[in-house]
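# Fold and contact review
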Protein chains: 2
Amino acid sequence: MNTPQNKQILLRQRPEGTLRESDFTLVTRPARELRDGECLARNLYFSLDAGFRKWMNAGADDNYLTAMELGAPVQSIVLGRIEASRHPDYPVGSLVLGRSSWEEFSVFDGSDFLQKLDHDGSFPLHEYVATLGPTGMTAYFGLMDIGRPRTGDTVLVSAAGGAVGSVVGQIARILGCRTIGITSSEDKCRWLVEELGYDAAINHRAPGGLAAGIREHLPDGFDIYFDNVGGPMLDQAVQHMKLGARVVLCGAIADYDQNDRESGVFHMWQFIVKRASAAGFMFSDYVERYPEAVQALSKWLAEGRLKTVVDIREGIEQTPKAFCDMLEGKSRGKCIVRL
Amino acid sequence: MNTPQNKQILLRQRPEGTLRESDFTLVTRPARELRDGECLARNLYFSLDAGFRKWMNAGADDNYLTAMELGAPVQSIVLGRIEASRHPDYPVGSLVLGRSSWEEFSVFDGSDFLQKLDHDGSFPLHEYVATLGPTGMTAYFGLMDIGRPRTGDTVLVSAAGGAVGSVVGQIARILGCRTIGITSSEDKCRWLVEELGYDAAINHRAPGGLAAGIREHLPDGFDIYFDNVGGPMLDQAVQHMKLGARVVLCGAIADYDQNDRESGVFHMWQFIVKRASAAGFMFSDYVERYPEAVQALSKWLAEGRLKTVVDIREGIEQTPKAFCDMLEGKSRGKCIVRL
């Protein structure tokens, strides 16, 4: 195979506050030659995950990833098909899910997150970046392991119509919990209740904001708060914990634009008097247990008890806009780019 | 028995910021007659616990206690001997530990926290408000249940020479952990290492503050942070969590004077990338398991592996000053008033 031309989207500049399309730029470069132990995938889908916004900031190094480099392709989870291989585990034709970047062709050596997919055609391929992929794994293990839901628990979900939130709310309902979603418009509130089966929904932009919504819909507080947002919403939520409440720290969209200093949790004391806990996690820690989640989620999907909501954008050029739209809450469910 | 005169210390005014002795006043009133189901204790010791500072603020109602009333006796854990009884479970002569107030005589009906003590003389009586009382129970269950120490873990303790901290540091060392204490002077740092067996100590008031001390003594971060302080120190600490770290939320002295809005945790994101957790607790939730803790702590005390550090003040009149001194870090170990 000749070395193909590779369209890539680079991080052109560090975002200042709100992320903009102009922070990115598209280039075309030849893909590089494979070395022994490497394989080349033609990417079919980009999984847009809000968490990656964080690593666009300078100095955002942590145990999970290092800050993205300026002028380098933007990191992302991608789904691709191997087109050339010098790696015995990933022969040509394999479908893979891996951490790479916004580009048409990615080289993998298996040292970073890379998973071979068994796609038997039961579900559309994009499901493997959605409910049967990182999003579903995040929702499932966060809710089950950190949230530990019991029948009858009250479960509050922020960004409730987002990629992870839309799955969390549905799983919690299937498990017999009372589910309340937080979102950003009346329109989305109706959709959460009518389409996703939430028992109630709170528009945090309504007069009175989140506090009024919580007083109305969960006057006794929550057992589980699945937090996709962080920031002031988290601080407000922890003031409404029941005894023994569990806070699942999954995402912190509110903090991503702000380099940490703008918003904090001022009510840590509540964790003491409510004997409550908060814990963070990463879906990639649960690789060994994926089959458990995939089995449960596949069954619920097949039975029609769980719906995957996707917002699929077409073409690599649409990626920056799609990512910005997602962060601004303009997309519903899982935002995916199809190449 | 005639109704005795009862000295009581009342909350005279809501503290504004730092608590002062003048926020309290001493009065003498007759103790009231007992009704059926009540008993009267002559108090021998007051346990001074920083957490009660919180409930001196207006509106500090929560699941644990309601805000103390102005003009009412100041709430406290007390140790007393029953002098009159119309309650079958608490005959005259019983030693009891209960939640009551700063007063010479307390009436109990058993509906609130009240525990009969088996005092066989093996340990001095004040030990039952210290290591074998609420303080020791707090240290033991917080460390064991929330911290879950493993041999070789690095354990960071704030207010490390305080009532709870001084016990936590010693238990962690007995369990084979590396222990680092945070305190407020060079003098106390030496004492933590030389007398309490901490592996190292950090004076957070030294130039460079806590951050410099953490870089020097635990460059790889901690597995467990036993937090007695809250506020900015908690926010700094969570920036130094190891993967899978546990934060034990035990106290929040830093927040007590400030009605919540002055200091926050701005680095909640760290809990996600470090897959870390934080949880609060109250010693009183573990009443069923006290024997487990008492057995372990008694053994370590008897073997001389664990020392109880006490600062005993004499006379009910000394209580306000003792409590203020404790909050300002002027006392070492457990601060107790002997009546």
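Quick caveat, the model's predicted, so the values are computed rather than measured.

Placing chain B over chain A gives an RMSD of 0.0 Å and needs a rotation angle of 180°, together with 0.0 Å of translation along the axis. Taken together, the turn and the small shift mark the pair as related by a two-fold rotation axis. Here 100% of the interface residues in chain B have copies in chain A that are interface residues too; the copies meet face to matching face.

Taken residue by residue, the interface counts 37 residues in chain B and 37 residues in chain A. Across the chain B/chain A interface, buried area totals approximately 3,200 Å², and carbon plus sulfur atoms make up 63% of it. Among the residues of chain B in contact with chain A, Phe266, Trp269 and Arg275 of chain B are the three that bury the most area, contributing 24% of the side total. Taken together, the links from chain B to chain A amount to 2 salt bridges. For Arg275 of chain A, the salt bridge is made with Asp285 of chain B, and the minimal N-O distance between the two is 2.6 Å. For the interface between chain B and chain A, the tally reads 6 residue pairs in polar contact (both at pLDDT 80 or more). Only helix H5 (231–237), strand S12 (241–249), helix H7 (269–273) and strand S13 (277–280) of chain B provide two or more residues apiece to the side of chain B that touches chain A. Tallied by class, the residues present in the side of chain B that touches chain A amount to 20 nonpolar, 9 polar and 8 charged. As paired strands, strand S13 (residues 277–280) of chain A and S13 of chain B are joined by 3 bridges and run antiparallel to one another. Considered in S13 of chain B, the bridge of Ala279 of chain A is made with Ser277 of chain B.

All right, on to the domain arrangement of chain A then. The accessible area lost on association of the parts is a frequent measure of interface size. All names here are of chain A. Parsing chain A into structural domains produces domain 1 (5–130 + 309–338) and domain 2 (134–284). Each of domain 1 and domain 2 has a C-alpha centre, and these two points are 27 Å apart. Overall, the association of domain 1 and domain 2 removes approximately 1,800 Å² of surface from exposure, summing both partners, and the carbon and sulfur fraction of that is 56%. Linking domain 1 with domain 2 are 1 salt bridge. Arg332 is paired through a salt bridge with Asp187; the nearest N and O atoms lie 3.1 Å apart. Counting across the domain 1 and domain 2 interface gives 6 residue pairs in polar contact (both at pLDDT 80 or more).

Turning to helix H9 (residues 319–327) of chain B, a few remarks are in order. In an α-helix, one turn spans 3.6 residues, which is why side chains three or four residues apart end up on the same side. The buried count for H9 of chain B comes to 8 of 9 residues, which makes it a mostly enclosed element. Of all the positions in H9 of chain B, only Thr319, Pro320, Ala322, Phe323, Cys324, Asp325, Met326 and Leu327 of chain B are classed as buried.

We now examine the environment of Cys324 of chain A. Residue and element names in this part refer to chain A. With respect to the helices and strands, the residue Cys324 is situated in helix H9 (residues 319–327). Measuring from C-alpha to C-alpha, the distance between Cys324 and Arg289 comes to 32 Å, with 35 residues separating the pair along the chain. For Cys324, the contacting residues outside a window of four places in its chain are Leu19, Arg20 and Glu21.

For the rest of this paragraph, the subject is the packing of aromatic side chains. Summed over all chains, the structure comprises 17 aromatic pairs over all chains. With centroids separated by 5.1 Å and ring planes inclined at 85°, the aromatic side chains of Tyr140 of chain A and Phe141 of chain A adopt a geometry described as edge-to-face. For Tyr140 of chain A, a relative accessible area of 6% gives the class buried. An angle of 45° between the planes, with centres 5.7 Å apart, marks the rings of Phe222 of chain B and Tyr225 of chain B as tilted. Taken together, the aromatic side chains of Phe24, Trp102 and Phe323 of chain A make up a single cluster linked through ring pairs.

Within a beta sheet, neighbouring strands are joined by backbone hydrogen bonds and run either parallel or antiparallel to one another. With mixed pairing, 12 strands are arranged side by side in an open sheet as S10(A)-S9(A)-S8(A)-S11(A)-S12(A)-S13(A)-S13(B)-S12(B)-S11(B)-S8(B)-S9(B)-S10(B). With partners counted over all chains shown, the strands left at the sheet margins are strand S10 (200–203) of chain A together with strand S10 (200–203) of chain B, one partner each. Neighbour-to-neighbour, the strand axes of this sheet turn through a mean angle of 15°, independent of strand direction. With 4 bridges joining them, strand S12 (residues 241–249) of chain A and S13 of chain A adopt parallel strand pairing.

Residue and element names in this part refer to chain A. As enumerated under the stated definition, the model contains 48 salt bridges over all chains in all. Residues Lys242 and Asp223 are paired through a salt bridge, measuring 3.5 Å at the closest nitrogen-oxygen approach. Of the two residues, Lys242 sits in strand S12 while Asp223 sits in strand S11 (residues 222–227), which places them 19 residues apart along the sequence. For Lys242, a relative accessible area of 25% corresponds to the partly exposed category.

With that settled, the discussion passes to the packing of helix H1 (residues 134–147) of chain B against helix H2 (residues 163–174) of chain B. The geometry of a pair of packed helices is captured by two quantities: the angle between their axes and the separation between those axes. Residue and element names in this part refer to chain B. Taken N-terminus to C-terminus, the directions of H1 and H2 make an angle of 50°; their axes are 9 Å apart at the nearest point. Looking at the two axes, H1 sits oblique to H2. You can see that H1 and H2 cross each other, and the crossing is right-handed. Residue-level contacts link Thr135, Thr138, Ala139, Tyr140 and Leu143 of H1 to Ala163, Val164, Val167, Val168, Ile171 and Ala172 of H2. Taken together, the residues of the contact of H1 with H2 sort by class into 9 nonpolar, 2 polar and no charged.

Let us now look at the side chain of Asp311 of chain B. Along the polypeptide, Asp311 of chain B turns up in strand S14 (residues 310–314). Discounting chain neighbours no more than four positions away, the residues touching Asp311 of chain B are Ser331, Arg332, Lys334, Cys335 and Ile336 of chain B.

What follows is about helix H8 (residues 290–302) of chain A. All names here are of chain A. With 13 residues, H8 should cover 18 Å at 1.5 Å per step; its first-to-last C-alpha distance of 18 Å lies within 8% of that length. Buried residues of H8: Tyr290, Ala293, Ala296, Leu297, Ser298, Trp300 and Leu301, and no others. For H8, the elements touching its buried residues are strand S7 (114–116), helix H1 (134–147) and helix H2 (163–174).

Criteria and cut-off values
Residues numbered from 1 in each chain as written. Chains lettered and ligands numbered in written order. Predicted model: local features only at pLDDT ≥ 70, side-chain atom pairs only at ≥ 80, totals over all residues. Heavy atoms only, no water. Least-squares fit on C-alpha atoms with pLDDT ≥ 70 in both. Contact = heavy atoms within 4.5 Å. Buried area = accessible area lost by both parts, 1.4 Å probe. Salt bridge = Lys/Arg side-chain N within 4 Å of Asp/Glu carboxyl O. Polar contact = N/O pair within 3.5 Å; in protein donor to acceptor, adjacent residues only side chain to side chain. Helix = DSSP H or I, 4+ residues; strand = E, 2+ residues; numbered from the N terminus. Nonpolar A, V, L, I, M, F, W, Y, C, P; charged D, E, K, R; others polar. Pairing = 2+ DSSP bridges. Domains from an automatic or database assignment. Buried < 20%, exposed > 50% of the residue type's maximum accessible area, 1.4 Å probe, protein only. Phe/Tyr/Trp six-rings, centres within 6.5 Å; stacked < 30°, edge-to-face > 60°. Axes fitted to C-alpha atoms, helices over the stretch in contact; angles between N-to-C directions. Parallel < 35°, antiparallel > 145°, perpendicular 65-115°, else oblique. Left-handed = near helix turned anticlockwise from the far one by under 90°. Expected span 1.5 Å × (residues − 1).

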